Amino acid sequence: MSSVTDPDTFRFTTLDESPMDDDSIIAAKITSRDLVQVLRVAEKAAFLCGDIIQATSGDIAVSKTKSNARDLVTESDVECQRIIRSTICQEYPQDYFLGEEDVEAGSEASIEALSSVLDSSASAEPTDDTRDRLLWIVDPIDGTTNFQAGLPMCAVSIGVVLVSKDKDVPSEVVVGVIYNPILNEITSAVKGKGSYLNGNRIHVTEGGNDEIELSDALINVGFPAVKDSTLQAASRAVGALATKVRGLRMIASASQVMCWVAQGKLSAYVSWDLNAWDVAAGMLIVEESCGHVTDFDGQRASISSRDLIVTCPEGMCIQEESPLARKILRVLSENDCLEY
């Protein structure tokens with residue numbers, strides 16, 4: 001594999017040198033870590049998985065299933081996670097790591113795994129060589145079923161979390177990287193510094209249609225395959241939304257979909273029972289593109305939230321909440337799509 005420092009094969013994202021906004025000032029105050037360097041390590045780790053994903057997409061057997069026959073694992077998932085962990089540990093051996101392939105199947109196991117590592121991170125004392133420790137949340141291949149079938153909707157997802165030591169203050173994602181080597185797209189974000197696609201700042205037009213009509217929206221509906229109950233809720237949502245929106249899509253890769261919402265290709269994304277590794281990186285990328293990630297209570301989501309509505313229509317930089325998310329939530333509530 002070519003070196004990631006070779007300008008002919010890979011360029012690290014260069015952040016805009018604009019004056020710091022409130023988010024970046026807050027990030028600078030609450031962590032002693034160099035987030036630009038953290039971003040480089042995350043991008044390098046993601047990029048190093050590219051050759052494996054490109055070489056084996058559509059040409060690899062299922063090595064095992066987890067919760068059911070729809071929940072796949074391949075050898076590439078496991079190998080990519082090994083590469084990512086190794087790359088992170090070389091630079092930051094004291095940081096915490098949560099990877100999908102280390103967690104048993106099922107919602108309860110993923111909730112417990114996240115809770116456990118957050119508690120461990122929050123209680124850890126800073127040391128001279130590490131100062132603030134970060135939590136790296138990784139999905140080595142988000143969209144394994146797509147990947148195994150040879151469909152290009154899959155991605156490496158790496159979210160880096162600054163863990164709050166105050167239980168009343170949510171932990172914040174401060175760096176996010178999502179890399180789709182098949183489409184040659186790397187989407188990155190640093191808190192307060194914006195989101196970037198292949199090194200170019202993702203710009204949102206302010207003063208545009210700050211309240212998009214539901215009838216004009218192109219919405220991706222998640223189809224979470226782990227539980228029958230979530231599939232049934234998603235099916236009800238499809239029926240409820242289909243006649244009210246411009247179009248529905250069902251791209252089974254949360255991280256990839258969240259990138260496309262951030263870029264304005266999709267108006268919104270709704271899904272149920274998501275795991276932290278599915279959405280940690282995407283949450284920051286969307287918010288740094290002036291979008292919103294809300295839970296089914298209409299509140300700003302955290303990495304512990306499992307049911308999400310993600311929006312990023314034009315003009316959202318001037319809004320404190322998402323009118324489109326409110327409209328989607330109303331339809332879901334009226335059609336018994338929130339419970340499962």
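As the structure is a computational prediction, the values presented were derived from the model and not from experiment.

Engineer: Break down the pattern of salt bridges for me, citing the residues and quoting the values.
Structural biologist: The final tally for this structure, using the stated rule, is 13 salt bridges. Lys 265 is the salt-bridge partner of Glu 185, the closest N and O atoms lying 3.7 Å from each other. Pair noted here: Glu 185 is in strand S7 (residues 185-190) and Lys 265 is in the loop between helix H8 (254-262) and strand S12 (268-271), with a separation of 80 residues, a long-range link. By relative accessible area, which is 46% here, Lys 265 ends up partly exposed. A salt bridge links Arg 300 to Glu 287, with the nearest nitrogen and oxygen atoms 2.9 Å apart. Of the two residues, Arg 300 sits in the loop between strand S13 (292-295) and strand S14 (308-311) while Glu 287 sits in helix H9 (residues 276-287), which places them 13 residues apart along the sequence. When salt bridges that share partners are traced, they join Glu 172, Lys 191, Glu 287 and Arg 300 into one network.

Engineer: Please provide a residue-by-residue account of the pairing of S13, values included.
Structural biologist: What you see with S13 is no split at all: His 292 and Thr 294 on one side and Val 293 and Asp 295 on the other are buried throughout. In this structure, S13 lies alongside S14, joined through four bridges in antiparallel fashion. Pairing of Thr 294 across the sheet is with Ile 309, part of S14.

What counts, and at which threshold
Residues numbered from 1 in each chain as written. Predicted model: local features only at pLDDT ≥ 70, side-chain atom pairs only at ≥ 80, totals over all residues. Heavy atoms only, no water. Salt bridge = Lys/Arg side-chain N within 4 Å of Asp/Glu carboxyl O. Helix = DSSP H or I, 4+ residues; strand = E, 2+ residues; numbered from the N terminus. Buried < 20%, exposed > 50% of the residue type's maximum accessible area, 1.4 Å probe, protein only. Pairing = 2+ DSSP bridges.

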